[in-house]
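# Structure at a glance
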Amino acid sequence: MTEPLIYELGAPGRRAIRLPEPDVPRADLPEAMLRKDLNLPEVSELEVVRHFTRLSTLNHSIDRGFYPLGSCTMKYNPRVAEDLARLPGFARAHPLQDEESAQGVLFVMHMLQEWLREIGGFAGVSLQPAAGAHGEFAGILMMRAYHLDQGDTKRTKILIPDSAHGTNPASTTMSGLDTVEIPSDGRGNLDLQALRAACDDTVVGLMITNPNTLGLFEEHIQEVVELIHGCGGLVYGDGANMNALLGVVRPGELGFDVLHYNLHKTFGTPHGGGGPGSGPVGVAARLVPFLPGPIAVALMPEDEPDRSKAEDNGEEGDLEMPIYRLAMPAKSIGRMKAFHGHSGIFVRAYTYIRMYGSQGMRKIAEHSVLNANYLQSRVGRTFPIPHDNRTCMHEFVAEGTVEGSQVRALDISKRLMDFGFHPPTNYFPLIVHEALMIEPTETESKATLDAFAEALATIAREALEDPELVQTAPHSTPVTRLDEVKAVRELVLRYTAP
Ligand SMILES: *Cc1c(COP(=O)(O)O)cnc(C)c1O
């Protein structure tokens, strides 16, 4: 690491702030409370600004370059959503404020719930879960609560395809249920025969991603849903891939009972450090009473006797306007999150949906699928594409191998960084050898997709002509190839002064 740490900058006596002379008598802090061993850097304001500005440019980010990280939908985060989230009425709202004084926030929550409900074809939505994985956990708890409420106590199994994202079995295990893996067939679909064999009265439900993690639409989704419902189970949809379906397919109409949305994937809100995430859940009518809460509800004056009485007495108020309140569903599984979920993210997702409108939603899906198919056909000239006889959805998986070379998918990914691209997802899904999972998203131009495909073609040539160059990459990044085995064995979790 060549970059200096902030602890190594500056010199004694340098200051970034200047405080005015106090207008009260000085008093010393109690000696016992002062730490002498706290070696804080003394730096000027300019040093602080330069240090953090430089650091902010070291990591790759969507604002710096193409980020084709499959399964993660790293699309552009529109700045207008940032502006709205920073409006003082949203940014300074306090979760303990009374409902009357937080009507704007509750309105946004209610509209977002309604739009997600509409987009997914569901009967109800809760914005509580903080991420996709958290939505999965909420979904499984609801499915379990539903069966128990029916007096059905023998159901303990969740069926999960072998192509599933790692969070699916993790959420199942966390909720105390057993995971049963269902294989995929030769066309990349869930194997119907294996599914039929696993369906019985101990099944809580199926957890399925559609389009699946191979980027393929499940061709027998209707039969799959009927099979599960036929044995009394429920269908959980992992909605991380909703980007391909927006305005085209409504999972609720396919018969899904629950689905999580990843606002930080499909609805353009930032991931990670710029986040946090948000994983609302939509449910079919029979699960509405079990939704996590509280949920924003819109009440008309006739729903609130006190309010219509005030109106009758000629007091201020608008009879036509709903008033927004928070309410807990009747048999709710409870809270998933302190307070009301990540409300700043709700404002961003609200802005995003509002900005595109219903026609725009469909265009997002169409362009993301078009971009992925274009890129698949270009990358397919360089690397093998399993199931390449099928149209992909918003992403695709290639096999990162070059005939006659020892170069692996990991090497190809590392070398891509030298070309200024973020690597694709590696070694996932597990069922594809040397998997490179590529998702361009709808926000990239043809020029970017072409440049990326050309970089991959160049790397494939290098793999034959100068394999060492690829196997030791990256060469141009602040940190070059790491010893991953050593990193795992000898974790360094904190800075220690030299
Ligand atoms: C991202 C993802 C998840 C998990 O979502 P998080 O918001 O990261 O918790 C689950 N399934 C699939 C297919 C995903 O791509």
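These numbers were taken from a predicted model, which means no experiment stands behind them.

## Description of the domain arrangement of the protein
- For the protein, the assigned domains are domain 1 (79-352) and domain 2 (358-487).
- Facing 28 residues of domain 1, the contacting portion of domain 2 comprises 22 residues.
- For the pair domain 1 and domain 2, the interface holds 1 salt bridge.
- As a salt-bridge pair, Arg390 and Glu219 come within 3.4 Å of each other at their nearest N and O atoms.
- Scanning the region where domain 1 abuts domain 2 turns up 9 residue pairs in polar contact (both at pLDDT 80 or more).
- Each residue belonging to the side of domain 1 that touches domain 2 can be placed in one class, and the counts come to 12 nonpolar, 12 polar and 4 charged.

## Focus: the pairing of strand S4 (residues 203-209)
- Along S4, 7 of the 7 residues are buried, which leaves the element largely enclosed by surrounding structure.
- In the sheet, strand S2 (residues 157-161) pairs with S4 via 3 bridges, with the strands oriented parallel. Within the sheet, the bridge partner assigned to Lys157 lies in S4 and is Val203.
- Looking at chain direction, S4 and strand S5 (residues 234-238) are connected through 5 bridges and run parallel. Bridge pairing links Met207 to Tyr236 in S5.
- For the handedness criterion, the β-α-β arrangement of S4, helix H8 (residues 221-230) and S5 is classed as right-handed.

## Some remarks on the site of the ligand
- Looking at the ligand, the residues that line it are Ser71, Ala131, Gly132, Ala133, Glu136, His165, Thr167, Asp238, Ala240, Asn262, His264 and Lys265.
- Within the contact set of the ligand, a nitrogen atom lies 2.5 Å away from a side-chain nitrogen or oxygen of Asp238.
- Separating an oxygen atom of the ligand from a side-chain N or O atom of His264 is a distance of 2.7 Å.
- Burial of the ligand by the protein chains amounts to 88% of its free accessible area of 380 Å².
- Of the residues forming the shell around the ligand, the biggest block, 3 residues, is contributed by helix H5 (residues 132-149).
- Along the lines of polarity and charge, the residues of the shell around the ligand split into 3 nonpolar, 6 polar and 3 charged.

## Details of H8
- Taken residue by residue, H8 has Ile221, Val224, Val225, Leu227 and Ile228 as its buried positions. Buried residues of H8, seen end-on, are gathered within an arc of 160° and therefore sit on one face of the element. Residues Glu226 and Gly230 are exposed on H8 and point more than 90 degrees away from its buried face.
- If you follow the buried residues of H8, they end up packed against S2, helix H7 (192-198), S4 and S5.
- Positive phi shows up at Gly232, right after H8, with a value of about 85°.

## Concerning helix H6 (residues 167-174)
- Residues of H6 that are buried include every one of Asn168, Ser171 and Thr172, and no others. For H6, the arc enclosing every buried residue in end-on projection is 100°, short of the 170-degree limit, so these residues lie on one face. Across H6 from its buried face, at more than 90 degrees, point the exposed residues Thr173 and Met174.
- Here the buried face of H6 lies against H5, S2, strand S3 (178-182), S4 and S5.
- Gly176 sits one or two residues past H6 and shows a positive phi near 85°.

Criteria and thresholds
Residues numbered from 1 in each chain as written. Predicted model: local features only at pLDDT ≥ 70, side-chain atom pairs only at ≥ 80, totals over all residues. Heavy atoms only, no water. Domains from an automatic or database assignment. Contact = heavy atoms within 4.5 Å. Salt bridge = Lys/Arg side-chain N within 4 Å of Asp/Glu carboxyl O. Polar contact = N/O pair within 3.5 Å; in protein donor to acceptor, adjacent residues only side chain to side chain. Nonpolar A, V, L, I, M, F, W, Y, C, P; charged D, E, K, R; others polar. Buried < 20%, exposed > 50% of the residue type's maximum accessible area, 1.4 Å probe, protein only. Helix = DSSP H or I, 4+ residues; strand = E, 2+ residues; numbered from the N terminus. Pairing = 2+ DSSP bridges. Right-handed = clockwise from strand over helix to strand, strands pointing away. Near = heavy atom within 4 Å. Areas by Shrake-Rupley, 256 points an atom, 1.4 Å probe, with all protein chains shown as cover. Arc of directions from axis to C-beta.

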